[in-house]
Amino acid sequence: MMPVKPICLLFYCLSLTLSASVYAATNSSPESTMKNIEVINNSIIQSPNDKREYQVIRLANQLEVLLISDPDLKNSAASLSVPIGSMHNPDSQLGLAHYLEHMLFLGSKRYPVINEYSKFMSQNGGYTNAYTAQDVTVYGFEVNDSAFGEALDRLGDVMSEPLLDEQYAEKERHTVNAENETYVDNDMRKLYALQRYSLNPEHPMARFSTGNLETLVDKPNSNLQEELTAFFRAHYSANNMKVALISPRPIKDMQTIAAKFLTQIPNNNATTPEIMTPLVTDQQLALEVQMKPTVDLKLLQVNFLIPSVKDEYMYQPGGYISRLLGSDHKGGLSDYLQKQGLAESVSAGFYAAQSEQYSQFSMTFKLTSKGLTQQDTVLASLFAYIQLIKDKGINQLQYSEQKKSLDNYFQFLPKQASFQYVMSLSANMQKYPLQDLLSYSFRLDGFKPKLIAQLITYLTPENSRVFVVSPDASVNKNIPFYKGQYAQHKIKSSRLQQWSRSAQNIQLQMTLPVRNEWLPEDLSLVQEEKSKQAISLVKESGLSVWIKQSQLNQPKGAYKLQLNNDLNDRSPAARIKINLLLDVLQKQLAELSFVTQEAGLGFSISSNDGLLISTSGYSDKQGELLLTLLSYLDSMEIDQQSLTLAKQELIRRLKNQSKMKAMDLGLDGFRKVVRSPSWSNETLLKAVEPVTADDLKQLIKQILSQSSVRLLALGNFSAVDVLQLTAQLKVKVKIQPNAFYTVQRLHADPEQGALNFVRQSELEDDALASVYLMADQDPTSQAKAELLNKLLKPAFYDQIRTQEQLTYSPFTASIEVDKSVGFGLFTQSPTIGSAALYGRFQAFLESFKTVLANTTESEFEEIKKAHIANYLAKSSNLSTEFSYLIGEWMSNKDKIDTKSQHIELLQSVTLKQVQEYYTRLFFDKSAAQQIIVQVKGKKFSEEAPLSLTPEVAISSVEQLNTAPK
């Protein structure tokens, strides 16, 4: 089964602040709280790269709390998990666990105002989130450390005495329903549902889990409110909860704060229901399920359920097998199928904790049109490679390669962002021993060939569960609670036997991976440069080289090489050629990508003002990797089969765009409007077929001979390293002394009126993007827009989602368009059409005038302080350390290390400036140009789209094109 992703966002909602008297009443003395703490683990296995302090304590209410002290942080974060999820829903109220997750944060005894919890987090530089999976529900927040105690008190009160107020029940039922409606036509959600529906019908996982207006409703002998309350009381107990906290505070202080605010959660001595029903019986094995997708999608997925090996994580037997099955090496399963023209890609997954009794292997094949007609060959190839592993693949070499990769990764394990870190840790506290919480996925304590051999005996045709997603699928049933159809049947034994017979011949054409030459050998740190700022090493006509070292003291780095040119923007045919080239290149580099990733390296090649090659990971062989990629590009061959498959894939993507999620279609439309040149999908589709292999070879020559060069080196590199690499680049690329090219972006012209782009969707919902782009800018524009967003975002979310129930996911954002700053309001709605949405947006902006006018200086300063604290926080990994600088470099700015200057601008902005900015942005038509993107779905197809006066109605983005600079 597919991994469960978070399905709720519970943040940015209106509340009132906590009064000092109520807050003080919750406090008790440190002496009394410390008596209620038992230290139960001080020896969690850590990466040598991890200098944080860890401790697990048990409070008087039997709540286990993981404490993580990290002095480098500015914010604190917390997460609480409950070992209860969708599989524990009563049959009478499917979706109840998810519905409870929503209802919890609509007020608690001491914080009774609706959505007060979420607004508190937002106003203190943070946010909150939650999700419901099959076996666990996880809650979390991040907040400025100065507000950590109060935030924990709010969480504790929610888990102690939530109001579960019936007056909000109807609204939250509609919110849960809107969330479900957002995904009813999502093909991957439908596939995941069918994976569950096709399990043993006696198992609770084989049911609808999200909830909607049909399932969450009063029924004979089942009152929703009563069942909600009973579900909370039965399952939400301190003794079965797990909490993870991370903070810059010392462990002792964290003990105090945890005891003070989390001991209030009552211990009801709850027990987690034990589900002994088997996930599958013989009836659910050797099963095929076919599904007709909404978009043009061709997938074949094969799942194998096996007895659980979750407790054998220290030997990684499932990871050993899935590593070989998913390898892209020459002679591997993926390589064989791609050469036969049967598959675009192959991926392997292993889920050790599928349930208490089962683990699962999952193989996913992205099929070509040819592969769709030869599914039995694909399946026979899978079993051929499984047999090869059985016969020859369980050996010391493969174990050693797996161990080196895991050991290296754990030795230099990068820090995760605090919020994601505690969310994952609190969930894993329900599954793994405390000492191995950080290391369970990296431990490899020894080679266990018998365990691996035993495990692979379950990967047989008779034990397979096959899922086929195809536009040609033969279907006869509606998918319960989703839009779409499917069919399922047992696979005939004669077909199973044929897979095994065919596998014998195919196996002769397959090989196992060899030794990985990309594993790092030198993990030393280079000498530190004197400057802490980014340094311009080379600034010549047509050549720019920058370097900045990391402050994290890790043997890692990143290169970004841009072969800068306007080749991609000259015509629709040019845009198509670069897309086809990238697709062919990605497939030909699949083996290199696999082995470098296993060695702790990564790379990507994309189109951005020319060709952008990015590498990252261990610095040891990264320069060599960059040069290898250039050499490959220079010498690559393009055969007709590769080009044909690339064309089929590109045509599929372009045709599928009208079937993408409405909001995604709206955001894509906005990008097209502000970028010049842009072309419609219809125009681009016409340019696909004429492209030849010679055209792509000519494009490669042009890239290597008509480009200027920009290089950015980040991390564990010296200036000497980078200059030597630059000299080698000059040999491989004929650098042109051209001015650096950047794509042209829209400049606001308020006199034109609004730009109004209407797009048609083949799905149900409408969506609206309403963006205001200022015509004139000053140095503080971006800072004012960011701070305005901190004030406006929670109020917009509360009004549109919670109060008016128009949508599940409204959001706002400040947006940079070239050197201009815009501000956008966005949402997708199953409830009203785009014109009506615009009316509600305008009503909100009018009402928010009063809210903003009544904002006090002290409130504003607190919000500003919390926002700046996020900028000042010490980075936890290379990605966060350099993200701001990379953004400046990608924008081709003359100065690319200006975060400190931006912080100074944020500090200088006053509340009055933000208020004036708001008025000019939204209500002065001479100051800003509005960009409207409407997505019209089937549900509201009879409604006329929004029309504004004055406006420029955009029938095609091509009417906005201007010549490249």
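Attention in this report is confined to the structure presented alongside it.

Cut-offs and rules
Residues numbered from 1 in each chain as written. Predicted model: local features only at pLDDT ≥ 70, side-chain atom pairs only at ≥ 80, totals over all residues. Heavy atoms only, no water. Pairing = 2+ DSSP bridges. Helix = DSSP H or I, 4+ residues; strand = E, 2+ residues; numbered from the N terminus. Axes fitted to C-alpha atoms, helices over the stretch in contact; angles between N-to-C directions. Contact = heavy atoms within 4.5 Å. Buried < 20%, exposed > 50% of the residue type's maximum accessible area, 1.4 Å probe, protein only. Salt bridge = Lys/Arg side-chain N within 4 Å of Asp/Glu carboxyl O. Left-handed = near helix turned anticlockwise from the far one by under 90°. Nonpolar A, V, L, I, M, F, W, Y, C, P; charged D, E, K, R; others polar. Expected span 1.5 Å × (residues − 1). Arc of directions from axis to C-beta. Core = buried A, V, L, I, M, F, W, Y, C linked by side-chain atoms within 4.5 Å.

**Thoughts on the sheet that holds strand β6 (residues 137–144)**
One open sheet accounts for seven strands, arranged β1-β2-β3-β7-β4-β6-β5; its pairing is mixed. The open sheet has two edge strands with one neighbour each: β1 (37–41) and β5 (127–132). The average undirected angle you get between the axes of adjacent strands in this sheet is 20°. Sheet contacts for helix α3 (residues 96–103): β5 and β6; angle to β5, the most-contacted strand, approximately 165°.

**Some words on unusual backbone geometry**
Following serine 676, the chain continues to proline 677 via a peptide bond in cis, the omega torsion being 10°. Residue proline 950 follows threonine 949 across a cis peptide bond; omega there is -10°. Within the fold, proline 950 resides in the loop between β27 (928–936) and β28 (951–954). Its identity is not glycine, yet glutamine 316 carries a phi of approximately 50°, on the positive side. Along the polypeptide, glutamine 316 turns up in the loop between β9 (299–307) and α10 (317–325).

**Overview of the environment of alanine 487**
Mapping alanine 487 onto the fold places it in strand β14 (residues 485–490). Looking at alanine 487, the relative accessible area reads 9%, which means it is buried. The sequence separation of alanine 487 and valine 731 amounts to 244 residues, and the corresponding C-alpha distance is 58 Å.

**Thoughts on the pattern of salt bridges**
For the structure shown, the criterion picks out 52 salt bridges. Across the salt bridge formed by lysine 587 and aspartate 583, the nearest N and O atoms sit 3.0 Å from each other. Here lysine 587 and its partner aspartate 583 are both found in helix α18 (residues 572–588), four residues apart, which amounts to about one turn of the helix. The exposure class assigned to lysine 587 is partly exposed, which follows from its relative accessible area of 23%. Linked by salt bridges that have partners in common, Glu344, Lys366, Asp583, Lys587, Glu649, Arg652 and Arg653 make up one network.

**Points about the packing of helix α5 (residues 148–160) against helix α9 (residues 251–262)**
Packed helix pairs are specified by the crossing angle of their axes together with the interaxial distance, meaning the distance between the axes. Here α5 crosses α9 at 35°, and the two axes come no closer than 8 Å. The crossing of α5 and α9 is right-handed. Facing α5, whose interface residues are Phe148, Gly149, Leu152, Asp153 and Gly156, α9 presents Ile257, Phe261 and Leu262. In terms of residue class, the contact of α5 with α9 is made up of five nonpolar, two polar and one charged.

**Some points on the sheet that holds strand β24 (residues 766–774)**
Pairing within the open sheet is mixed, and its six strands lie in the order β25-β26-β24-β27-β23-β28. Two strands bound the open sheet, and with one partner strand each, they are β25 (811–817) and β28. Averaged over all pairs of adjacent strands, the angle between their axes in this sheet comes to 20°, without regard to strand direction. Contacts between helix α22 (residues 662–674) and the sheet are confined to β23 (754–760), β24, β25, β26 (820–829), β27 and β28, with β27 contributing the most and set at about 140° to the helix.

**Quick notes on helix α17 (residues 493–507)**
The terminal C-alpha atoms of α17 lie 21 Å apart, and with 15 residues this matches the ideal 21 Å at 1.5 Å per residue to within 8%. Every buried residue of α17 is accounted for by Leu496, Trp499, Ala503, Ile506 and Gln507. Buried residues of α17, seen end-on, are gathered within an arc of 85° and therefore sit on one face of the element. Pointing more than 90 degrees away from the buried face of α17 are the exposed residues Gln504 and Asn505.

**So, the nonpolar core**
Within the largest apolar cluster, 58 residues are counted, with the highest numbers of intra-cluster contacts made by Leu561, Leu563, Ile576, Leu581, Ile638 and Leu711. The biggest single contributor to this core is α18, with seven residues.

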